[in-house]
Amino acid sequence: MDFGTSDFKFGPITLGEQPRIINNRGYFPDKKSVLYRAFETASDVVVGDDVPLYLQSAEDLSSRLIYPMRNGMIERNDDQAWRVVQSLTSYGLEAFKPRPNNGFQGYYVVASLSSISPRYMYERLMAAFMESSHGMVRAVTVISQPFAVAIGHGVTTCVVIESGHGNSQVCPISKYPIRTAQVALNRGGGDANAITSEILKDAGYADLANEEAFVRKVKENLGLVPENLNDAIQEAKRSPRLVRGRYKVPGTRVEIDLDKDSWSRFLIGEYVFNPNHEIFESYFNRGMPKPRDVKMGDTVFKGMLDFGEAIVASVERCPVELQPLLYKEILLSGGNFSWTAPPKLQGIAVDAPCKVKMLLRDRGIRNVSVKMTRTPQSSVWHGCIIYGFAVPENYEWDWQRLEGWMKVPN
Amino acid sequence: MGAQPVVQNDHEQGVSFLLGTEKVHVLILKLDEMVQRNAILDALLSLSTLKFAYQLVYLAAPRLFGTSVDASIFRTRGIGLLFYDERRIDEAVPAQTQTEQSPGPPQQSNTTLVTELATLRTMYLEMERAISQLRKDLTTLRIPQPIQDHQPRIAMPTLEIQSQSNFPTNVVHGGGLPSYFVNNPWLDVLSKRGSGEREPIAG
């Protein structure tokens, strides 16, 4: 089971290449409503494909529709979020309940959490499985998502960089996750949305700049990652037609045309990888939030570290003999790395692996290989399946190692 | 738990059911009735009289009705309001029981009845205006195909998970393992966990 920030992916090995996917969210219906009382329901939390049937007014959403892992973490005392997680585990298990009396003795369940999850999240998730088991779980374990990505990708020594909506993590792996070398960044897709919003305001679309879903669509369709920001801006101003950014929202009359401001497309991608360029100071000065260092749980998240610096900082915490091997396999995972480089902008715009290579080259690291994960949506789940298949059942859970099987009494 | 059907009188239109100890009646207004002058008034008057026989009464109307009605009127009268379309039902105004609405003497005096009638007349006049506006709006809209079944989907699917009785095995390649298992060195690495291999380098 992969508890992602937006989606919950689950299922046994017999599903083959693709897991089942539902939103990682739960809805708490209004029990006073006659509609709720008229229908039989077994739980206080609705998860899965039935959630849209229960959604009422937009005002309801913020209080009743809960996304428990928006930033990869759940607060210890956030009971609502934990109830959603409990419901999701039950849902996932019930969806694959085998026929009775066929000798089934319970699943070996492998759950996956963000690498920044503190110990209490492991404890509570395991408790949720104990409670939801009802004979369906023989043993449970929890592994980190970057570790699962490395397993799914088939690389035993590598650096996995996971970048999602709220934050990013750099995680070296060498047969085990090297936890003490992990570096976390307080920067993700949400920050790219913030700079996109500012660009839209400057281009005269202030009324649309506050709609998050719209801003995200603009980012995805118009954002570019420059090979070198100064050169890209210069080229864009010299040849505005080449870089002109236009986007029409499908099914509407809403169209964005950045026109002479199309050079700003490169700011969106650059900001994700390196927010330190002086051009961003003017945006910070007029109020755009500057990514800052924060502590969440046990982890300090750096705000302004660029990806090159973060990778180097992480790898240099590992033994020297391991470092070249780590640089040779850098895996990028997560939606925040899904950037494309249009062929007509070759040499000006690049994709994520290329940008990371350049940031490392600027720091004197040359012999590197940077790749995107082949199946970004399901690579964590693949890793969980392999882990559950291969690890011996007598490898018991250890709270120091944070690995092994926790047997579930049935 | 859940709604139980209730036997209703022949002259009563709509749906009745029991929720716990409360009897609920829902009168359903269909799309083509919305443009009929008296249908809405009939519905409201009918619900007002039914409030003595049922603890909770609702008017279920097409969602289009919501744009032309002031829901506070329903709130004042304790009549619940549901909006429906082909996809969902929303409770716009919860119904109130007689005791919630007016904790005073159970029997209404003639004066109170007259006041209620006056209020209904006001509601009727407002709806007249709303319907005229709707007629104008409808003439500029493409009229959708008539809904074959006007009954809103009160019976929603239960939340019981439909269990699969056995695993789907046809997706696994030729009965073997998925592609991400092929040549994966982790199978060997992980199979040796706990077999006396050396401790991790760091962490």
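Owing to the predicted nature of the structure, the values given are computational and were not obtained by experimental measurement.

Trainee: Quick one: what's the story with the overall build of chain B, residue by residue and with numbers?
Mentor: Of regular secondary structure, chain B possesses 5 helices and 6 strands. Burial statistics for chain B: of 203 residues in total, 22% are counted as buried. Put simply, 46% of the contacts in chain B that link residues at least 6 apart link residues at least 24 apart.

Trainee: Quick rundown of the overall build of chain A? Include the residues and the values.
Mentor: Within chain A, the regular secondary structure consists of 16 helices and 19 strands. By the burial criterion, 48% of the 410 residues in chain A qualify as buried. The long-range fraction of contacts in chain A, counting pairs at least 24 apart against all pairs at least 6 apart in sequence, stands at 69%.

Trainee: Any details on the environment of Phe181(B)? Residues and values, ideally.
Mentor: The residue Phe181(B) is located in the loop between α4 (110-140) and α5 (186-191) in this model. Its 18 C-beta neighbours within 10 Å are what place Phe181(B) among the partly exposed residues. Every residue in contact with Phe181(B), bar those within four places of it in the chain, is listed here: Ile386(A) and Leu187(B).

Trainee: Could you give me a rundown of the sheet that holds strand β8 (residues 157-163) of chain A, with the residues and numbers involved?
Mentor: Residue and element names in this part refer to chain A. Judged by pairing direction, the sheet is mixed, and its 7 strands sit side by side in the order β14-β15-β10-β9-β8-β16-β18 without closing on themselves. Every other strand in the sheet has two partners, leaving β14 (294-296) and β18 (370-372) as the edge strands with one partner each. Strand-to-strand twist in this sheet, taken as the mean axis angle between neighbours without regard to direction, amounts to 30 degrees. Where strand β16 (residues 330-333) meets β18, 3 bridges bridge the pair, whose relative direction is parallel. Among the inter-strand pairings, Leu332 is bridged to a residue of β18, identified as Met372. Sitting on the sheet, helix α15 (residues 352-361) touches β16 and β18, and the angle it makes with β18 is about 155 degrees.

Trainee: Go over the packing of helix α13 (residues 307-315) of chain A against α15(A), please, and point to the residues and values.
Mentor: Residues and elements named next belong to chain A. Interhelical geometry of α13 versus α15 gives an angle of 65 degrees and a closest axis separation of 8 Å. As judged from the angle between their axes, α13 and α15 are roughly perpendicular. By crossing handedness, the relation of α13 to α15 is classed as right-handed. Where α13 approaches α15, its residues Phe307, Gly308 and Ile311 are matched on the opposing element by Val356, Leu359 and Leu360.

Trainee: Give a description of the pairing of strand β6 (residues 107-113) of chain A that names residues and reports values.
Mentor: Note on strand geometry: in a regular strand, side chains alternate between the two faces of the sheet. All names here are of chain A. Counting buried positions over the 7 residues of β6 gives 6, a clear majority of the element. Across 7 bridges, the pairing between β6 and strand β7 (residues 137-144) is parallel. Directly across from Tyr107, in β7, lies its bridge partner Val137. Where the polypeptide runs from β6 across helix α5 (residues 119-132) and back to β7, its parallel neighbour, the crossover connection is right-handed.

Trainee: Tell me about helix α9 (residues 229-238) of chain A, and please be specific about residues and values.
Mentor: Residues and elements named next belong to chain A. Those residues of α9 not exposed but buried are Leu229, Ala232, Ile233, Glu235 and Ala236. In a view along the axis of α9, the buried residues occupy a sector of 165 degrees, so they form one face of it. What points out from α9, more than 90 degrees from its buried face, is the exposed set Asn230, Lys237 and Arg238. Along its buried surface, α9 packs onto β11 (225-226), α10 (240-243), α11 (265-273) and β17 (349-350).

Trainee: Account for α5(A), with residues named and values stated.
Mentor: Residue pairs three or four apart in sequence face the same way in an α-helix, which turns once every 3.6 residues. All names here are of chain A. Compared with the 20 Å implied by 1.5 Å per residue over 14 residues, the 20 Å span of α5 between its first and last C-alpha is a close match. Turning to α5, its buried residues are Met121, Tyr122, Leu125, Ala128, Phe129 and Ser132. Buried residues along α5 cover an arc of 125 degrees about the axis, so they all sit on one side. In α5, those exposed residues whose orientation departs by more than 90 degrees from the buried face are Arg119, Ala127 and Glu131. Buried residues along α5 sit in contact with α4 (79-94), β6 and β7. Looking one or two places after α5, you find His134, whose phi comes out positive at around 50 degrees.

Definitions and cut-offs
Residues numbered from 1 in each chain as written. Chains lettered and ligands numbered in written order. Predicted model: local features only at pLDDT ≥ 70, side-chain atom pairs only at ≥ 80, totals over all residues. Helix = DSSP H or I, 4+ residues; strand = E, 2+ residues; numbered from the N terminus. Buried ≥ 20, exposed ≤ 12 C-beta atoms within 10 Å, placed from the backbone. Contact = placed C-beta atoms within 7 Å. Pairing = 2+ DSSP bridges. Axes fitted to C-alpha atoms, helices over the stretch in contact; angles between N-to-C directions. Parallel < 35°, antiparallel > 145°, perpendicular 65-115°, else oblique. Left-handed = near helix turned anticlockwise from the far one by under 90°. Right-handed = clockwise from strand over helix to strand, strands pointing away. Arc of directions from axis to C-beta. Expected span 1.5 Å × (residues − 1).

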